[in-house]
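Tertiary structure, described
For reference, the chains in residue letters:
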Amino acid sequence: MTETITLEEARDVIEAAEEAAEEMGLAMVVTVANPAGNLVAQHRMDGAWLASVSISRNKAYTAAALQMPTHELADPTQPGESLWGLQTTDENRLVVFGGGYPLEADGDIVGTVGVSGGEVPQDMAVAEAAVDAFEDLR
């Protein structure tokens, strides 16, 4: 059986992300998924966009499904590039811009985090705070 992030760890990751979002003055949605991309926990801060609920979940899913940060898909999915159109596959769940990251332990992906609610660099910064918090837990 593959190791997976626990609910308690997911809560800690979400808390760290929320603190980072608050420091930036943003209301965001943070999603934590297991290695298969299935929901473990999700938190919508007061005032966060409703659309960010599905976007953050899809960022977490993408990081699991493709085992990489979502921002790494931005360039190869541009028109004329090798992965052009990727975001229209897998029932339109794949996100090709930043804010989704794998959570790793001992070289294995044990979960993922997806953040939505700001501009892409803001989503990435908040998600990176979540990744850092997870690494501190392990």
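Everything below is about the structure printed above this text.
Residues numbered from 1 in each chain as written. Predicted model: local features only at pLDDT ≥ 70, side-chain atom pairs only at ≥ 80, totals over all residues. Heavy atoms only, no water.

1. Description of a negative patch on the surface
A cluster of acidic residues, Glu104, Asp106, Asp108, Glu128, Asp132, Glu135 and Asp136, forms a negative patch at the surface. For the negative patch, the element with the highest residue contribution is helix α3 (residues 120–137), accounting for four residues. Here Asp132 shows up in helix α3. On the accessibility criterion, Asp132 (44% relative accessible area) is partly exposed. (Patch = residues over 30% accessible without salt bridge, like charges linked within 9 Å, V, L, I, M, F, W, Y side chains within 5 Å. Areas by Shrake-Rupley, 256 points an atom, 1.4 Å probe, with all protein chains shown as cover. Salt bridge = Lys/Arg side-chain N within 4 Å of Asp/Glu carboxyl O. Lys, Arg positive; Asp, Glu negative; His and termini not counted. Charge placed at Lys NZ, Arg CZ, Asp CG, Glu CD. Helix = DSSP H or I, 4+ residues; strand = E, 2+ residues; numbered from the N terminus. Buried < 20%, exposed > 50% of the residue type's maximum accessible area, 1.4 Å probe, protein only.)

2. What to know about the sheet that holds strand β3 (residues 100–105)
Spatially, four strands are ordered β2-β1-β4-β3 in an open sheet, and the strand pairing comes out antiparallel. Looking along the sheet, the strands with just one partner apiece sit at the ends: β2 (39–44) and β3. Across the sheet, the mean angle separating the axes of adjacent strands is 15° when strand polarity is ignored. Where strand β1 (residues 29–33) and β2 come together, five bridges link them in antiparallel fashion. In the strand pairing of β2, Val30 is matched with His43. Set on the sheet, helix α2 (residues 51–65) makes contact with β1, β2, β3 and β4 (108–116); between it and β4 the angle comes to about 155°. (Pairing = 2+ DSSP bridges. Axes fitted to C-alpha atoms, helices over the stretch in contact; angles between N-to-C directions. Contact = heavy atoms within 4.5 Å.)

3. Quick look at the pattern of salt bridges
Tallied over the full model, the rule gives three salt bridges. Lys59 serves as the salt-bridge partner of Asp123, at 2.8 Å between the closest nitrogen and oxygen. On the criterion of sequence distance, the pair formed by Asp123 in helix α3 and Lys59 in helix α2 is long-range, its members being 64 residues apart. A residue is classified by how much of its surface remains accessible, and Lys59, at 0% relative accessible area, is buried. Within this structure, Glu3, Glu9 and Arg138 form a network of salt bridges that share partners.

4. A closer look at unusual backbone geometry
Within the chain, Gln67 stands out as a residue other than glycine whose phi angle is a positive 50°. Mapped onto the elements of the fold, Gln67 is located in the loop between α2 and β3. Unlike most non-glycine residues, Asn92 shows phi in positive territory, near 60°. Looking at the element boundaries, Asn92 is found in the loop between α2 and β3. Given the relative accessible area of 53%, Asn92 is considered exposed.

5. Some details on the packing of helix α1 (residues 7–23) against α3
Between two packed helices, what matters for the description is the angle formed by their axes and the separation of those axes. Put simply, α1 and α3 touch, their axes get as near as 8 Å, and they point 140° apart. One element, α1, and the other, α3, form an angle in the oblique class. Crossing angle aside, the handedness with which α1 passes α3 is right-handed. In this structure, α1 contributes Glu9, Asp12, Val13, Ala16, Ala17, Ala20 and Ala21 to the contact, and α3 contributes Val126, Ala129, Ala130, Ala133, Phe134 and Leu137. (Parallel < 35°, antiparallel > 145°, perpendicular 65-115°, else oblique. Left-handed = near helix turned anticlockwise from the far one by under 90°.)

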